[in-house]
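In case you want the letters, here they are:
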Amino acid sequence: MNTTDLTTHACEQVLRFTRVAHWNDLTEERKVQLAFNMGVLSLGLGLDKTNGYTAMANARAGVTSIQDLHAHLRHIVATHNVPVSEANIAKPF
């Protein structure tokens, strides 16, 4: 699948923001950025509600861990062959 720069950036951002140990380790600003980028990722990759919004909502509610969300997103990015930059993902925030 050919992804746009915006979709690639969104993938990098959600992977970046889901490196934390717990949902509440994110500031409110980062939670908003994560949600926005999750929407861009979902639309850009054509994800259904379960793989996009529901996965993030489950991490927010504590149904699944943020690490599980990160692993889920890694799988989606790999499955869709999105060329993410590990350097961008590793940037501090």
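Rules of the game
Residues numbered from 1 in each chain as written. Predicted model: local features only at pLDDT ≥ 70, side-chain atom pairs only at ≥ 80, totals over all residues. Heavy atoms only, no water. Helix = DSSP H or I, 4+ residues; strand = E, 2+ residues; numbered from the N terminus. Rg over C-alpha atoms; globule rule 2.2 N^0.38 Å. Buried < 20%, exposed > 50% of the residue type's maximum accessible area, 1.4 Å probe, protein only. Phe/Tyr/Trp six-rings, centres within 6.5 Å; stacked < 30°, edge-to-face > 60°. Core = buried A, V, L, I, M, F, W, Y, C linked by side-chain atoms within 4.5 Å. Contact = heavy atoms within 4.5 Å. Axes fitted to C-alpha atoms, helices over the stretch in contact; angles between N-to-C directions. Parallel < 35°, antiparallel > 145°, perpendicular 65-115°, else oblique. Left-handed = near helix turned anticlockwise from the far one by under 90°. Nonpolar A, V, L, I, M, F, W, Y, C, P; charged D, E, K, R; others polar.

A.B. asks: Please set out the overall build of the protein chain residue by residue, giving values where relevant.
C.D. replies: In terms of regular secondary structure, the protein chain is built from 5 helices and 0 strands. Traced from its N-terminal end to its C-terminal end, the protein chain shows the element sequence α-α-α-α-α. Taking 93 residues into account, the globule formula puts the C-alpha radius of gyration at 12 Å, and the protein chain, at 12 Å, falls close to it. Taking all 93 residues of the protein chain together, the buried fraction comes to 42%.

A.B. asks: Describe the packing of aromatic side chains, and please don't skip the residues or the numbers.
C.D. replies: Summed over the entire model, instances satisfying the criterion amount to 1 aromatic pair. With 5.3 Å between their ring centres and 90° between their planes, phenylalanine 17 and phenylalanine 93 make a pair best called edge-to-face. Placement of the pair is phenylalanine 17 in helix α1 (residues 5-17) and phenylalanine 93 in the segment after α5 (86-90), with a sequence separation of 76 residues. On the basis of relative accessibility, which here comes to 1%, the residue phenylalanine 17 falls in the buried class. The class for phenylalanine 93 is partly exposed, based on a relative accessible area of 37%.

A.B. asks: Go over unusual backbone geometry with me, naming the residues and quoting the values.
C.D. replies: Backbone geometry places asparagine 81, a non-glycine residue, at a positive phi of 55°. Checked against the element boundaries, asparagine 81 lands in the loop between α4 (66-79) and α5.

A.B. asks: Tell me about the nonpolar core, and name the residues and values.
C.D. replies: Soluble globular proteins: nonpolar side chains tend toward being buried together. Of all hydrophobic cores here, the largest spans 24 residues; its most connected members are Leu34, Leu41, Leu45, Leu69 and Leu73. Among the secondary structure elements, those contributing two or more residues to this core are α1, α2 (28-45), α3 (50-61) and α4. Residues contacting leucine 34, with those up to four places away along its chain left out, are Val14, Phe17, Thr18, Trp23, Leu26 and Met56.

A.B. asks: Give a detailed account of the packing of α3 against α4, specifying residues and quantitative values.
C.D. replies: At a closest axis distance of 8 Å, the pairing of α3 and α4 adopts a crossing angle of 160°. Relative to α4, the element α3 lies roughly antiparallel. α3 and α4 meet at a crossing whose hand is left-handed. For the pair formed by α3 and α4, the contact residues are Asn51, Ala55, Met56 and Ala59 on the first element and Ile66, Leu69, His72 and Ile76 on the second. Partitioning the contact of α3 with α4 into residue classes produces 6 nonpolar, 2 polar and no charged.

A.B. asks: Give me the lowdown on the environment of tyrosine 53, citing residues and values where you can.
C.D. replies: Mapped onto the secondary structure, tyrosine 53 falls in helix α3. Here tyrosine 53 falls in the exposed class, since its relative accessible area comes to 51%. When the C-alpha atoms of tyrosine 53 and glycine 39 are compared, they prove to be 7.4 Å apart, with 14 residues separating the residues in sequence.

A.B. asks: Before we move on, could you go through the side chain of serine 42 and cite the residues and values that matter?
C.D. replies: Summarising the element assignment, serine 42 is placed in helix α2. Excluding its chain neighbours within four sequence positions, the residues that come into contact with serine 42 are Leu47, Gly52 and Tyr53.

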